[in-house]
Structure formats: structure tokens, C-alpha cells
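Here is how the chains run, residue by residue.
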Protein chains: 2
Amino acid sequence: MSLKDIINNNLTYWVSADGPERDIVLSSRIRLARNIEKLNYPNRAKPAERAEVTKRVIEILSRQEQVKLHYMDVNDLPVLERELMVEKHLISPIHAQEGSEKGIFLADQENICIMINEEDHIRIQVLMPGLQLGKAWEIAGELDDLLEGKLDYAFSEKWGYLSTCPTNTGSGLRASVMVHLPALNLTNNIAKMLGAVSQLGLAVRGLYGEGSESVGNIYQISNQLTLGHSEHDIIDNLKGVTKQIIDQEKQARQLLLQKMEFKVKDQFRRSLGLLKYAYQISSQESMKLLSNVKLGIDMGIIDDVDSGVLSELMVLIRPAHIQKIEGKELDETARDIKRAELIQARLNM
Amino acid sequence: MSLKDIINNNLTYWVSADGPERDIVLSSRIRLARNIEKLNYPNRAKPAERAEVTKRVIEILSRQEQVKLHYMDVNDLPVLERELMVEKHLISPIHAQEGSEKGIFLADQENICIMINEEDHIRIQVLMPGLQLGKAWEIAGELDDLLEGKLDYAFSEKWGYLSTCPTNTGSGLRASVMVHLPALNLTNNIAKMLGAVSQLGLAVRGLYGEGSESVGNIYQISNQLTLGHSEHDIIDNLKGVTKQIIDQEKQARQLLLQKMEFKVKDQFRRSLGLLKYAYQISSQESMKLLSNVKLGIDMGIIDDVDSGVLSELMVLIRPAHIQKIEGKELDETARDIKRAELIQARLNM
């Protein structure tokens, strides 16, 4: 199989498909946290209780034809496969660790992923390319309705859906967008903008979830609280703020063209040159350069590379993906060399 | 005319032709300083005396068929043309300035250039690609014999050929080689090596003559004194030292491959990537990157660029050449942009 085929076979839906506002919003995600009444939460549940959760959800999902989902027991998956799922943002790093009755339901396109016995009994996740919170919510809601019709969810009239963690109690909804904001960074406006976002009750994180640094000017923005807010309000609020962020980033891009056209042109093209010619490259440096290249594409300065390159490569250049593509374990230096090859194969595609 | 044609039309013999040891020795030069008896040296000569020098040399050189030389009065040449000749190392910056009766005899291939009324009445220069001091000396010697047969050179039995400057008195010979020593630099052995060369009575200079810094790891090595040494000894000594330098540089290249293969591979390829993609680039940075690329080619790491690229571009990317190629005066930013275009046109040839 050619490297080109291998690359294409390893692209997941939200990474490779197009979506609205894709130049700035890489993806939208909806996650619903649900628990089953009368069963202890996973962290306190006995194996039998955890097995009960798995059994009931499998029963329901295998008897419907609304959406085709494959069930996998986490313990049955090779470590590398689990790491791939983490790198694709399908499951959490915690869920990738072995443990009793931890399960995953996955749609063919990988746009739907349900984690069983992670922090909650059930976590429904929908991932879409671009700004598609409404569409993601629709898909998640249908799955939620399907499960709720057959299960007694832990629910209180006063608090809403109950959860192990108070921040998930209420609607149990976490909506998030992954945004690429390089021009706000280059014009030194990023701190101000992210500060304003926090003040609006939204959380800002780096590429790999809580506590992670921003890599490649990519930020995840999500609602902080689910209690006391309707699903509709949460999604509308995030959508509104995201649109403002898009406007700010677009203004910053205009400013770059007006104030320092030659400088940024030079920087974007040099980044492409380094990506195309490096013999070895770290994940961190790749992301920095890919961020520049994507901005160059989106600003019309680089025209022989397609805009999907950042979202594709931000996943493909992670260690597990490189090792899967190469078919064996690799040390850091070997990964840096293979990463450069992979990037070059993709850029020349 | 295409940029490719323009580039080819602007290449001078020593730059584009091949020669022995060309991977390390870019060029060899022989320069003979001669003065005519009973005429004051140019700095003290009256216009009539200077005109007398010109007249006599023109008479001799126009009546021979040994070598075809074109005469030009410096004052008749546009400033840009003179600057081009300086950048091609054909004439000195001082000789490019206007002044009475300053002349240049130039061979078609530009491998021979005779300056009239520079510091001395006559300066015969021969420039050859690679290590060809013997051949250059042969050509210069024939011209010298030709002139000496018809002119009374200022000569003393005790001191030899007399000159304005004591360092040129004696044989009047300056022999020099231009060497590319990047590996000695990368392995931190350059200072030691150049120190040893100085102790052997040789002078080390940067790319653009006395007092200039080394650019692109290129050094000019020449004899310091001409008094009390035969031409043969001077040339033999420089040739011997140059061969030792070549050996040292080759050993350093081996060391790089053994000790830091991946690192240098990465550095050379990245240099090529930057040269191929930069939107604007300074002369200084170009030389640094071109030096890396040439080393990459000579070490077999880069195989899709030919080794002549450094000596060609080190001349073509200088301000006067860029302005000639572009056909108009350019400010620094415009030159940096055109320089990048020119380098990319050459690299893609």
C-alpha cells in the first residue's frame, strides 16, 4: 500500500470532511453525560454493576437500526489502537487505560463515539467538521432519546441529569469547538480575546484537553457549567461567541495583510519550505509550522496545498499514528524522521 | 528572455566552469603587479603620465594575437557595469571608481583581466575555476612576457619588480585560492586551521578582500609577501598548504557523517527548503544557507542540485547583479524579494 493510501485510510470523518467556517473552526463536538438510576457511578460501581451497564446499552443499541455502531471492549483493543483513538479525540486518555467493562461504541465514520463506564455510565459524543454544533446536537439528541426510551436515567427534577462530577450535572451537556487562531496570536491579541471568552463563562483549553498548552494556535472552547442552563442556551451561547471569535480572527488576518504582508508571506512560505525539506521534525515544531502554512492557505498566500492539511496532519503526526503507519514501535528520533517523511508525503499529495 | 537564459548569460568563466578540487576550492587567482620605468606610480602620476601608460599597453596588446582582450575606459562604463565587475571579482572596488586613464583589458571568458592605473600601472590577473594555480600562472606569465618584451618594467636587481606598496615589491605576485570550509567551521576547527595557515606566512581573508568577514564559510588564502621569494616557491607553497586544507576539510566532513549524520542532514535539507520557499532573503542569509546546501551536495546528502550552485549564486545574488537582471534600481526590500526569486529560479533549473 502506498503512503498516500495509508494516509487516506487513517483519516477520520471530522478530520477529512469539509464543514462550515472550516478555515477557522476545525471541529464541533457535543458530549452528553448520562448515568443509569440505581447503579453506582463507575468509580464506585462493582464489576457486576459495570457489566450491567454494558449489557443494557448493548441490548438497546444492537436492536435499533437508526445508526450503526460497533461495540469494542477496551481491554480487547491493542494499546496502540487505543492510543490512536485518543489521538483522534474519540476517547479520553483515561478511557484508553485497561479496566473492567470499559466499552466503546463507534460509528463507521467515527463521528459518533459512546464511552461506557468512563467517568459516567454513558458518554455520548458527536464530532463534526467545521462549525456544526446544531447538527452535532441533533445526532447526539437522537441517540440520547433512543437510550432514554429504554433506560431509567439518573435524573432529578431539581438538578436535572445526575453525574459523578458536579460540573456535568444538569443538562450533562458539554459543547465545544476547536478553533485555529494564528492571526490573533501574530497580532498579539490572543490573550485579550481568550480573557474575554473566559469572562463569558466559557473554558479555553489547548489541543489535548484540560491543562494542555495551546499547540499550533489551536484552542478548544467549551461551556464551563451545565447546571441551570438549557441545552439550547448552552449551544446558542457557544455558537454566538464562536462567531465573534471568527470575526476577530478574520479582522486580525486583514490587519496582517495591511501591516506586514511581506513579513507574513515570507514566514508562511518558509514554514512550508521547512516542512517540505526537514529530515527530522518534532510534533511541536510541526504544529507551529503547519499552523503558519494553514494560515497562508486561508489568506490566499499559499495556493498549492489544501486547507485540510492542518487538521489531517495534527492527528497523523502524533506518535501512535506514526507507529501504526510505520507498522512498528519507534524511538523518538525514528519518529521525528518518519514524521518528516509523512508530512512530505501528504504535502506532495 | 527567460530568467534561466538571463542567469546563464551572467555567469563568468571561473564561476560556471569546472576545475580540479572544485568541491572545496572555488577558484584560483594569480595577480602580477608591474610598473613602467621612468613614469610615476599612478597615485603620484600626472594625467599625461597615466595616459602614456594606457597608450603603451594598448599598443602592445592590440598588436598581438596570442590572446583576445577588449579595452574599456572605466569612465566610459556605467556605474552598474563596474559594480558587476567588482562582484565578479574581476576588478577592485577602488578601480571601479571614476578617475583619469583608468582602464580594463578583459578576455571574452573573463578569465583574464588587466587593470591599468589601479595601484600599479599594470595589474595582470588570471582567474580559474578550482585549484589551477599552475595553469593561471602560465597564462599570466605569458602575458607578462609579452608586455615585458616591449616595455621597460621598473625593476631592481636587488629588490625585483618595484611597486607602490612594499608588500608587492619583489616578484609582484599574489597567488590566492578561494576555499569553501563549512565542515571545519561546523566541527569548530576553523580558527585553529586558519591560525596555522597564518603562521605559514599566508594571509586569510573573507569573500570580499582585505578586512572583510567570512561569508558563507568562504575564505581567500594568499601569500603575504612577494619579496625574497621566487614565483615558483610562492605558488608551490600556496598549493601545498591548500592541499593540506583540503585534507582537513575532507576529514571534518567524514567526522560530521560519523558523529552527527542526522543533524547535518536535517540542517542541509532545511537550508535548501528555506532557499526554495523564502519570499525575501538577505545576501548574508543566502550565503549561509547556500554554504550548507553546497556541503550537502558535496557530501552526497542533497542530490537534486548541482555543486556549482554556490559559486554561481554567490555572484548572482549580489546587489548589482540583481539590479542588472531586473533591469532597474531596487531598494533593499525589493532586492531581497528578487534575490529569493532568482535563487529559486536557479535551484529549479
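Residues numbered from 1 in each chain as written. Chains lettered and ligands numbered in written order. Predicted model: local features only at pLDDT ≥ 70, side-chain atom pairs only at ≥ 80, totals over all residues. Heavy atoms only, no water.

Visitor: Which parts of the structure should I look at to understand the sheet that holds strand β8 (residues 173-180) of chain A?
Guide: Picture the strands of a sheet paired through backbone hydrogen bonds; they go either parallel or antiparallel. Residues and elements named next belong to chain A. Strand order in the open sheet formed by eight strands is β2-β3-β4-β5-β1-β8-β10-β9, and the pairing between neighbours is antiparallel. Both edges of this open sheet fall to β2 (69-73) and β9 (202-205), since each of them pairs with a single strand only. Sheet twist, expressed as the average angle between the axes of neighbouring strands with direction ignored, equals 20 degrees. Inspection of the sheet shows β2 paired to strand β3 (residues 103-107) by five bridges, in the antiparallel sense. (Pairing = 2+ DSSP bridges. Helix = DSSP H or I, 4+ residues; strand = E, 2+ residues; numbered from the N terminus. Axes fitted to C-alpha atoms, helices over the stretch in contact; angles between N-to-C directions.)

Visitor: What's the story with the side chain of Asn-35 of chain B in this structure? I'm lost.
Guide: Residue and element names in this part refer to chain B. Structurally, the position occupied by Asn-35 is in the loop between β1 (25-34) and α3 (47-62). The buried category is assigned to Asn-35, whose relative accessible area is 1%. For Asn-35, the side chain forms a polar contact with the side chain of Asp-120, separated by 2.8 Å. Only 2.8 Å separates the side chain of Asn-35 from the backbone nitrogen of His-121, close enough to count as a polar contact. Excluding residues that lie within four positions of it along the chain, Asn-35 makes contacts with Tyr-41, Pro-42, Asp-120, His-121, Asp-152, Tyr-153, Ala-154, Leu-162, Ser-163 and Thr-164. (Buried < 20%, exposed > 50% of the residue type's maximum accessible area, 1.4 Å probe, protein only. Polar contact = N/O pair within 3.5 Å; in protein donor to acceptor, adjacent residues only side chain to side chain. Contact = heavy atoms within 4.5 Å.)

Visitor: What is the right way to look at the interface of chain B and chain A in this model?
Guide: How large an interface is tends to be reported as the accessible area lost when its parts come together. Chain B puts 19 residues into the contact, and the matching count from chain A is 19 residues. Carbon and sulfur atoms make up 57% of the area that chain B and chain A hide from each other, which totals about 1,900 Å². Summed over the three residues of chain B that lose the most area to chain A, namely Arg-270, Tyr-277 and Tyr-279 of chain B, the buried surface amounts to 40% of that side. The interface formed by chain B and chain A contains two salt bridges. The shortest N-O distance in the salt bridge between Arg-270 of chain B and Glu-285 of chain A comes to 2.8 Å. Joining chain B to chain A, the criterion identifies 14 residue pairs in polar contact (both at pLDDT 80 or more). (Buried area = accessible area lost by both parts, 1.4 Å probe. Salt bridge = Lys/Arg side-chain N within 4 Å of Asp/Glu carboxyl O.)

Visitor: What should I look at first to understand the relation of the copies chain B and chain A in this one?
Guide: Here the two chain copies are tied together by a rotation about an axis and a shift along that axis. Between the two copies, chain B and chain A, the superposition gives an RMSD of 0.0 Å; the rotation angle is 180 degrees and the shift along the axis is 0.0 Å. Such a combination of rotation and displacement between the chain copies is what one expects of a two-fold axis. Closest approach to the rotation axis within chain B is made by the C-alpha atom of Gly-273 of chain B, at a distance of 2.1 Å. (Least-squares fit on C-alpha atoms with pLDDT ≥ 70 in both.)

Visitor: I would appreciate a short explanation of the state of the cysteines in the present structure.
Guide: One covalent bond between the sulfur atoms of two cysteine residues makes up a disulfide. Residues and elements named next belong to chain A. Inspection of the entire model under this criterion finds zero disulfides over all chains. This cysteine, Cys-113, is not joined by any disulfide, and Cys-165 carries the nearest cysteine sulfur, 20 Å off. Of the residues examined, Cys-113 reaches a relative accessible area of 2% and is grouped as buried. (Disulfide = S-S within 2.5 Å.)

Visitor: What is the right way to look at helix α10 (residues 309-316) of chain A in this model?
Guide: Three or four residues apart is the spacing at which side chains of an α-helix point the same way, because the helix has 3.6 residues per turn. For α10 of chain A, the buried fraction is high: eight of the eight residues fall into the buried class. What α10 of chain A keeps buried is the set Val-309, Leu-310, Ser-311, Glu-312, Leu-313, Met-314, Val-315 and Leu-316 of chain A.

Visitor: I keep staring at the packing of helix α8 (residues 231-277) of chain A against helix α12 (residues 332-347) of chain A and nothing clicks. Help me out?
Guide: The packing of two helices is summarised by the inter-axis angle and the distance between the axes. Residues and elements named next belong to chain A. Direction vectors running N to C along α8 and α12 enclose 115 degrees, while the axes themselves pass 7 Å from each other. Where α8 abuts α12, its residues Leu-272, Leu-275, Lys-276 and Tyr-277 lie against Ile-343, Gln-344 and Leu-347. When grouped by side-chain class, the residues that make up the contact of α8 with α12 number five nonpolar, one polar and one charged. (Nonpolar A, V, L, I, M, F, W, Y, C, P; charged D, E, K, R; others polar.)

Visitor: Just to check I follow, could you spell out the nonpolar core for this structure?
Guide: Across soluble globular proteins, nonpolar side chains show a tendency to be buried alongside one another. Among the nonpolar cores identified, the biggest contains 216 residues, and Ile-114 and Ile-122 of chain A together with Ile-114 and Ile-122 of chain B are the most heavily contacted of them. Not counting the four nearest positions on each side in its chain, Ile-114 of chain B is found in contact with Leu-61, Leu-69, Gly-103, Ile-104, Phe-105, Ile-122, Arg-123, Ile-124 and Leu-143 of chain B. (Core = buried A, V, L, I, M, F, W, Y, C linked by side-chain atoms within 4.5 Å.)

Visitor: I keep staring at the packing of aromatic side chains and nothing clicks. Help me out?
Guide: Each aromatic ring pair is described using two quantities: the centre-to-centre distance and the angle formed by the ring planes. This model, assessed by the stated rule, comprises eight aromatic pairs over all chains. Between Tyr-71 of chain B and Phe-105 of chain B, the ring centres sit 4.8 Å apart and the planes meet at 50 degrees, which makes this aromatic pair tilted. Of the two residues, Tyr-71 of chain B is situated in strand β2 (residues 69-73) and Phe-105 of chain B in strand β3 (residues 103-107); the sequence distance between them amounts to 34 residues. Arranged with centres 5.8 Å apart and planes meeting at 80 degrees, the rings of Tyr-153 of chain B and Tyr-161 of chain B form a pair that is edge-to-face. Comparing Tyr-153 of chain B with Tyr-161 of chain B shows no difference in burial state: the two are buried. A connected cluster of aromatic rings, assembled from ring pairs, spans Tyr-153, Phe-155 and Tyr-161 of chain A. (Phe/Tyr/Trp six-rings, centres within 6.5 Å; stacked < 30°, edge-to-face > 60°.)

Visitor: Whenever I open this one, the sheet that holds strand β9 (residues 202-205) of chain B confuses me. Can you help?
Guide: Residues and elements named next belong to chain B. What the eight strands build is an open sheet, ordered β2-β3-β4-β5-β1-β8-β10-β9; its pairing is antiparallel. Looking at the sheet topology across the chains shown, the edges are occupied by β2 and β9. Averaged over neighbouring strand pairs, the angle between their axes works out to 20 degrees when direction is ignored. For β9 and strand β10 (residues 218-223), the ladder comprises four bridges, and the chain directions are antiparallel. Each residue of the ladder has a partner; that of Val-204, found in β10, is Ile-221. Packed on one face of the sheet, helix α7 (residues 190-199) meets β9 and β10 and runs near 140 degrees to β9.

Visitor: I would appreciate a short explanation of the packing of helix α8 (residues 231-277) of chain B against helix α9 (residues 283-298) of chain B in the present structure.
Guide: Residues and elements named next belong to chain B. One can describe the packing of α8 onto α9 by two numbers: an axis separation of 8 Å at closest approach and a directional angle of 125 degrees. As far as their axial angle goes, α9 and α8 are oblique. Note on packing geometry: the crossing formed by α8 with α9 is left-handed. Of the residues in α9, those touching α8 at Glu-249, Arg-253, Leu-256, Gln-267, Phe-268, Ser-271, Leu-272, Leu-274 and Leu-275 are Ser-286, Leu-289, Leu-290, Asn-292, Val-293, Leu-295, Gly-296 and Asp-298. Residues belonging to the contact of α8 with α9 are distributed by class as follows: nine nonpolar, five polar and three charged. (Parallel < 35°, antiparallel > 145°, perpendicular 65-115°, else oblique. Left-handed = near helix turned anticlockwise from the far one by under 90°.)

Visitor: So what exactly am I meant to see when it comes to the environment of Lys-324 of chain B here?
Guide: Residues and elements named next belong to chain B. Here Lys-324 is to be found in helix α11 (residues 319-326). You can call Lys-324 partly exposed: its relative accessible area is 35%. It is 20 Å that separates the C-alpha atoms of Lys-324 and His-95, two residues lying 229 residues apart in sequence. Those residues within four positions of Lys-324 in sequence are excluded, and the remaining contacts are Asn-10, Leu-80, Glu-81 and Leu-84.

Visitor: Help me out: how do you make sense of the environment of Val-57 of chain B in this one?
Guide: All names here are of chain B. Locating Val-57 in the fold gives a position in helix α3. Overall, the relative accessible area of 0% leaves Val-57 in the buried class. Counting along the chain gives 126 residues from Val-57 to Ala-183, while the straight-line C-alpha distance between them is 45 Å.

Visitor: Where do I start with unusual backbone geometry in this structure?
Guide: One non-glycine residue, Asn-188 of chain A, adopts positive backbone phi at about 60 degrees. Within the secondary structure, Asn-188 of chain A is located in the loop between α6 (182-186) and α7 (190-199). If you check the backbone angles, Glu-101 of chain B has positive phi at about 55 degrees while not being a glycine. Structurally, Glu-101 of chain B can be placed in the loop between α4 (79-87) and β3.

Visitor: Please clarify how the domain arrangement of chain A should be interpreted in this entry.
Guide: Residue and element names in this part refer to chain A. Domain parsing of chain A yields domain 1 (9-253) and domain 2 (260-347). Of note, the centres of domain 1 and domain 2, computed from C-alpha atoms alone, are 27 Å apart. Listed per partner, the contact involves 26 residues of domain 1 and 23 residues of domain 2. Surface buried jointly by domain 1 and domain 2 totals about 2,200 Å² across both partners, of which 69% is contributed by carbon and sulfur atoms. By the criterion of area lost to domain 2, the three top residues of domain 1 are Asn-10, Glu-87 and Leu-186, representing 26% of everything that side buries. Counting across the domain 1 and domain 2 interface gives one salt bridge. Its salt-bridge partner being Arg-253, residue Asp-298 comes within 3.8 Å of it at the nearest N-O pair. Here domain 1 is connected to domain 2 by eight residue pairs in polar contact (both at pLDDT 80 or more). Every element with two or more residues in the side of domain 1 that touches domain 2 is listed here: α2 (13-16), α4 (79-87), β8, α6 and α8. No other element matches the five residues that α4 contributes to the side of domain 1 that touches domain 2. Residue classes in the side of domain 1 that touches domain 2 are distributed as 14 nonpolar, four polar and eight charged. (Domains from an automatic or database assignment.)

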